[in-house]
Amino acid sequence: MSEKNRRRVVVTGMGLITPVGSDMETFWDSVANGVSGVRLVTSIDTSASRTKIAGQIEDFDPEKYLEPKEIKRMDRFTQLAIAATSLALQDSNLKIDDGIKEKVGVILGSAVAGIISHEIAAKDLFVRGHRYVNPLTVPLVMFNAGASNICMHFGFTGTSFGISTACASATNAIGEAYQRIKNGYGEIMVAGGSDAPISPVCFSAWNKLRAMSTNNGEPERACKPFSKDRDGLVMAEGSGMLILESLDSAVARSAGIYGEIIGYGSTSDAFHLTYPNKEQEIRAIELTLADAGVNPDDIDYINAHGTATTANDKVETETIKTVFGKRAYSIPISSTKSMIGHSLGASGAIELIASILAMRNGFIPPTINYEIPDPECDLDYVPNVGRRAELSIAMSSSFGFGGTNAVLLVKKWKD
Amino acid sequence: MEERLDEIEQKVRGVIENVLQVKDREIARETTIADLGGDSLSALGILSALEQEFDIDIPDEEAIKISSFGAAVDVVRSCMDRQP
């Protein structure tokens, strides 16, 4: 630990809703065993699209978590966020009474927030006319709808806001929540991300960006991070939420502790809207290591951004080599996106949860669909089959469009 | 001196000029998008505009070839041949 006078921040609850599992056991079983959640898209028409696959959540039932009236007033991204938050709170055993409510704040990351509701309203206006626009469109669509609805649903009255940094949103959300607690601006934070981007315009726009895989023939084998034949990311929906609290708070209520967030760093490329930038990725990792007061040699596992686009995986590999030097070749790195797909602003939270579960279970999830070695990506990506390993510190990195980079370090908790 | 352009070449030239907002520039077969001040995002714009202009789908493996005016013309021709 550094000498700075700061509070320690621990993770006491986790919850997620993903294409590979909507409870932690199923999720872990999938990612540990290389099970893909990618399928042909069924919720929208993709007949004219080059890409016809995505990671969809087929078993999500909002009525398990919400009243019918609430459901009508929430976009799918908010519903997913509330469901994941419910699971995380349950997991944390936090007793939500009047004394605790004002101590809890919420930071939710989302790349596209209420885009489904936005598109429905646009279609209603342009096709049917102004009388048909849902009067609740504004509160359905707004970027703080997720965080605000979490507060309303559970009664939390601490700070509450949304963070939108594209694919780094959840990592920034968790990082900012960690800093608040560390610096004494909060006791308990609900933080993570949620995105439901599988809607006609959004999907079509990604299709036009030519960033998505077109391996439609074999959806489960479509997403191939770090493999030479990778051809793009696979979009997914999902939410991951974590309960962060000060160590004092966790100890006082005898909470179970998963791990300690020990470092966070974030930089901006100031470079290009979609192409990654090695220099600022490197600096984000270095800032995170410095924040934690650890050396590159202390990192046992990297859960990579690993989107399976040509550019990301190449630049991310160069970044890791520069920061970690020779050791880069012996640190196991996996991209769990190979199985889950890329849930945009939720991905960082889901991947941090995967990293924590990896440390807890002493097992590293694989990067599946790794088929052909790429000379430009020559590190240990834990290809195709997971492996047993004792891990003490894991790094989870997220690099978003617009050039936002965010990195977290988490340490295994030893009672 | 520029050679005389056929109809497809003229349309491709028009698309490139329109997307990159350039006028009266000398555009030869070898002239690249970068020569005309474009970057990778402008290339995406040109791709999309070509698909609209010629009502074709340009697959990714063809799309990556479009770096110059001449290459764009060739890709458009081959896509039109395949999609009558």
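Residues numbered from 1 in each chain as written. Chains lettered and ligands numbered in written order. Predicted model: local features only at pLDDT ≥ 70, side-chain atom pairs only at ≥ 80, totals over all residues. Heavy atoms only, no water.

**Focus on the overall build of chain B**
Piece 1. Helix and strand content of chain B: 4 helices and 0 strands.
Piece 2. Each helix and strand of chain B, ordered N terminal to C terminal, gives the series α-α-α-α.
Piece 3. Relative to the globule expectation of 12 Å for 84 residues, the C-alpha radius of gyration of chain B, 12 Å, shows essentially globular dimensions.
Piece 4. Its C-alpha atoms give chain B principal-axis dimensions of roughly 30 × 30 × 20 Å.
Piece 5. Here chain B holds 84 residues, and 45% of them are scored as buried.
Piece 6. Of all intrachain contacts in chain B linking residues separated by at least 6 positions in sequence, the fraction that spans at least 24 positions is 53%.
Piece 7. Here chain B displays about 5100 Å² of accessible surface, and carbon together with sulfur accounts for 46% of that area.
Piece 8. Seen as two clouds, the 9 positive and the 20 negative side-chain charges of chain B have centres 4 Å apart. (Helix = DSSP H or I, 4+ residues; strand = E, 2+ residues; numbered from the N terminus. Rg over C-alpha atoms; globule rule 2.2 N^0.38 Å. Buried < 20%, exposed > 50% of the residue type's maximum accessible area, 1.4 Å probe, protein only. Contact = heavy atoms within 4.5 Å. Areas by Shrake-Rupley, 256 points an atom, 1.4 Å probe, with all protein chains shown as cover. Lys, Arg positive; Asp, Glu negative; His and termini not counted. Charge placed at Lys NZ, Arg CZ, Asp CG, Glu CD.)

**Some remarks on the sheet that holds strand β1 (residues 9-17) of chain A**
Residue and element names in this part refer to chain A.
Piece 1. Spatial strand order, β5-β4-β6-β7-β1-β8-β14-β13-β9-β10: 10 strands in an open sheet with mixed pairing. Both edges of this open sheet fall to β5 (160-163) and β10 (333-334), since each of them pairs with a single strand only.
Piece 2. Bridge count between strand β4 (residues 104-109) and β5: 4 bridges; the pairing is parallel. By the bridge assignment for β5, I107 is matched with F161.
Piece 3. Across the sheet, helix α14 (residues 347-361) lies against β1, β6 (188-195), β7 (238-246), β8 (259-268), β9 (301-303), β13 (393-400) and β14 (404-412), angled at about 65° from β7, the strand it touches most. (Pairing = 2+ DSSP bridges. Axes fitted to C-alpha atoms, helices over the stretch in contact; angles between N-to-C directions.)

**Quick notes on the interface of chain A and chain B**
Piece 1. Each side of the interface is counted separately: chain A has 8 residues, and chain B has 11 residues.
Piece 2. On the chain A side of the contact with chain B, K208, R210 and H272 of chain A bury the most area, a combined 64% of that side's loss.
Piece 3. At the junction of chain A with chain B, the criterion picks out 4 salt bridges.
Piece 4. Looking at the side of chain A that touches chain B residue by residue, the classes come out as 2 nonpolar, 3 polar and 3 charged. (Buried area = accessible area lost by both parts, 1.4 Å probe. Salt bridge = Lys/Arg side-chain N within 4 Å of Asp/Glu carboxyl O. Nonpolar A, V, L, I, M, F, W, Y, C, P; charged D, E, K, R; others polar.)

**Some details on the environment of G45 of chain B**
Residues and elements named next belong to chain B.
Piece 1. Checked against the element boundaries, G45 lands in helix α2 (residues 40-54).
Piece 2. Assessed through its relative accessible area of 27%, G45 is described here as partly exposed.
Piece 3. Residues G45 and I16 lie 29 residues apart in sequence; the distance between their C-alpha atoms is 9.1 Å.

**Examining the domain arrangement of chain A**
In many reports, interface size means the accessible area that the parts give up when they come together.
All names here are of chain A.
Piece 1. Taken domain by domain, chain A comprises domain 1 (3-252) and domain 2 (262-412).
Piece 2. Summing both partners gives a buried area of about 4900 Å² for domain 1 against domain 2, and 68% of it is carried by carbon and sulfur.
Piece 3. Of all residues in domain 1, the largest losses of buried area upon contact with domain 2 belong to W28, F226 and R230, amounting jointly to 18% of the total for that side.
Piece 4. Notably, a salt bridge pairs R230 with D313, separated by 3.6 Å at the nearest N-O pair.
Piece 5. Taken together, the links from domain 1 to domain 2 amount to 27 residue pairs in polar contact (both at pLDDT 80 or more).
Piece 6. Breaking the side of domain 1 that touches domain 2 down by element, the ones donating at least two residues are β1, α1 (24-33), α8 (169-182), β6, α9 (200-209) and β7.
Piece 7. Among the elements that make up the side of domain 1 that touches domain 2, the one with the highest residue count is α8 (10 residues). (Domains from an automatic or database assignment. Polar contact = N/O pair within 3.5 Å; in protein donor to acceptor, adjacent residues only side chain to side chain.)

**Focus: the side chain of S398 of chain A**
Residue and element names in this part refer to chain A.
Piece 1. Structurally, S398 is set in strand β13.
Piece 2. Assessed through its relative accessible area of 0%, S398 is described here as buried.
Piece 3. A polar atom in the side chain of S398 sits 2.6 Å from the side chain of T171.
Piece 4. Leaving out residues up to four positions away in the same chain, S398 has contacts with C167, A168, T171, H305, G348, T404, N405 and A406.

**Some points on unusual backbone geometry**
Backbone geometry follows two general trends: most residues other than glycine have a negative phi, and most peptide bonds adopt the trans configuration.
All names here are of chain A.
Piece 1. Here A166, not a glycine, exhibits a phi torsion of approximately 50°, which is positive.
Piece 2. Within the element layout of this structure, A166 appears in the loop between β5 and α8.
Piece 3. When its relative accessible area of 19% is taken as the criterion, A166 is described as buried.
Piece 4. Of note in the backbone geometry, L344 takes a positive phi value of approximately 40° without being a glycine.
Piece 5. Relative to the helices and strands, L344 is located in the loop between α13 (337-340) and α14.

**As for the pairing of β13 of chain A**
Looking along a regular strand, one sees side chains alternate from face to face of the sheet.
Residues and elements named next belong to chain A.
Piece 1. For β13, the buried fraction is high: 8 of the 8 residues fall into the buried class.
Piece 2. Two strands pair when backbone bridges link them, and β9 and β13 are joined in this way by 3 bridges, in the parallel orientation. Bridged to N303 within β13 is S396.
Piece 3. Note: β13 against β14, 8 bridges, orientation antiparallel.

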